[in-house]
Amino acid sequence: MATPMSASRFLQRLKAEGARVVEVGDWKNHNRNHVGPWGSVHGVMIHHTVTKGSAHTVELCRKGYSGLPGPLCHGVITKDGRVHLVGYGRANHAGLGDDDVLRAVIAERALPADNEANTDGNRHFYGFECENLGDGKDPWPSAQLEAIERVSAAVCRHHGWTERSVIGHLEWQPGKVDPRGFTMAWMRGRIRERLR
């Protein structure tokens, strides 16, 4: 059971890992904590946005949209590799997912297939949205992939987690495909190397 780090510590950890951070508005106090708890935290979840244009993507993830208010993550990783912090605390990114997957993340063992949506992921995961159309064709620039690796490692390093605590939305919630364009097994390999 891990308590979420403070917003200031989160910022410090990201910078210490070499992430290029942009602070957006009052991100440290922008959250959905009034609708439910945030924590204990058990992992990091990676998403793609299905959007184009960095400014638009950051604004959407900060404010949300009709039916899904923001923040939609903690950090938005744009194509240039910058990490835009848009919220901190409970965020509308993970939704309901599989309790068996959560148990596997906590135990840091191989993930089972996600076939249920019965557990509140917004409570238990740090979330990063990555600017990408999600069509399997939109490229993932090396700077963006490196930023995903760095932010994931930063959170894992703080909590003493391994790369097995980093999952994709597609591994959590049935029917989701994100992130599309690279595999989470490949990304976890990169994170593992960084944590050595």
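The coordinates are above.
This text gives an overview of the structure that appears in the document. (Residues numbered from 1 in each chain as written. Predicted model: local features only at pLDDT ≥ 70, side-chain atom pairs only at ≥ 80, totals over all residues. Heavy atoms only, no water.)

Focus: the overall build of the chain
Item 1. When helices and strands are counted, the chain shows 5 helices and 10 strands.
Item 2. A globule of 196 residues ought to have a C-alpha radius of gyration of about 16 Å, and the chain, at 15 Å, matches this closely.
Item 3. By its C-alpha atoms, the chain is 35 × 35 × 35 Å across when sized along the principal axes.
Item 4. For the chain, the proportion of its 196 residues judged to be buried stands at 55%.
Item 5. Pairs at least 24 residues apart make up 72% of the contacts formed inside the chain by residues separated by at least 6 positions.
Item 6. When the 26 positive and 22 negative side-chain charges of the chain are each reduced to one mean point, those points stand 4 Å apart. (Helix = DSSP H or I, 4+ residues; strand = E, 2+ residues; numbered from the N terminus. Rg over C-alpha atoms; globule rule 2.2 N^0.38 Å. Buried < 20%, exposed > 50% of the residue type's maximum accessible area, 1.4 Å probe, protein only. Contact = heavy atoms within 4.5 Å. Lys, Arg positive; Asp, Glu negative; His and termini not counted. Charge placed at Lys NZ, Arg CZ, Asp CG, Glu CD.)

Examining helix α3 (residues 99-107)
Item 1. All of the buried residues in α3 are D99, V101, L102, A104 and V105.
Item 2. Close packing links the buried residues of α3 with β2 (43-48), β7 (96-97), β8 (119-120), β9 (125-130) and β10 (166-168).
Item 3. Near the N-terminus of α3, the side chain that reaches the backbone nitrogen of D100, with its oxygen 2.7 Å away, is that of D98.
Item 4. At the C-terminal side of α3, E108 shows a positive phi close to 55°. (Polar contact = N/O pair within 3.5 Å; in protein donor to acceptor, adjacent residues only side chain to side chain.)

Some remarks on the side chain of T57
Item 1. Tracing the chain through its elements places T57 in helix α2 (residues 54-63).
Item 2. Looking at T57, its side chain comes within polar contact range of the side chain of T51, at 2.6 Å.
Item 3. Beyond its immediate sequence surroundings of up to four residues, T57 is in contact with T49, T51, K52, V76 and E131.

Considerations on unusual backbone geometry
Item 1. The omega torsion of the bond from G70 to P71 falls at 5°, within 30 degrees of zero and hence cis.
Item 2. Take P71: it is sitting in the loop between β4 (68-69) and β5 (75-77).
Item 3. Residue P179 is reached from D178 by a cis peptide bond, and omega for that bond is 0°.
Item 4. Inspection of the secondary structure puts P179 in the loop between β10 and α5 (184-195).
Item 5. Even without being glycine, V50 reaches a positive phi, approximately 60°.
Item 6. In this model, E108 sits at a positive phi of 55°, which is unusual for a non-glycine residue.
Item 7. Looking at the secondary structure, you find E108 in the loop between α3 and β8.
Item 8. Assessed through its relative accessible area of 22%, E108 is described here as partly exposed.

Concerning the pattern of salt bridges
Item 1. According to the stated counting rule, one finds 14 salt bridges in the structure shown.
Item 2. Of the charged contacts, one joins E146 and R150 as a salt bridge, the two residues approaching to 2.7 Å between their closest N and O atoms. You can see E146 and its partner R150 sitting in helix α4 (residues 142-159), 4 residues apart, about one turn around the helix.
Item 3. Note on E146: relative accessible area 31%, which makes it partly exposed. (Salt bridge = Lys/Arg side-chain N within 4 Å of Asp/Glu carboxyl O.)

What about the packing of α4 against α5?
Item 1. The geometry of α4 relative to α5 is characterised by a closest axis approach of 9 Å and an angle of 55° between their N-to-C directions. If you check the angle between α4 and α5, you find them oblique. As α4 packs across α5, the resulting crossing turns out to be right-handed. Contacts from L145, E146, I148, E149, R150, S152, A153, C156 and R157 in α4 reach W186, M187, R190, I191, R194 and L195 in α5. (Axes fitted to C-alpha atoms, helices over the stretch in contact; angles between N-to-C directions. Parallel < 35°, antiparallel > 145°, perpendicular 65-115°, else oblique. Left-handed = near helix turned anticlockwise from the far one by under 90°.)

Details of the packing of aromatic side chains
Item 1. Counted by the stated rule, this structure contains 11 aromatic pairs.
Item 2. When the ring of F10 is compared with that of W27, the centres are 6.4 Å apart and the planes differ by 55°; the resulting orientation is tilted. Here F10 is found in helix α1 (residues 7-16), whereas its partner W27 is found in the loop between β1 (20-23) and β2, with 17 residues between them in sequence.
Item 3. For F10, a relative accessible area of 0% puts it in the buried group.
Item 4. For W27, a relative accessible area of 1% translates into the label buried.
Item 5. Both rings, one in F125 and one in W172, keep their centres 5.2 Å apart while their planes meet at 65°; by these two values the pair is edge-to-face. With F125 in strand β9 and W172 in the loop between β10 and α5, the pair connects residues that are 47 residues apart, well separated along the chain. Each member of the pair, F125 together with W172, is buried.
Item 6. One aromatic cluster is present, formed by F10, W27, W38, Y88, Y126, F128 and W161 through successive ring pairs. (Phe/Tyr/Trp six-rings, centres within 6.5 Å; stacked < 30°, edge-to-face > 60°.)

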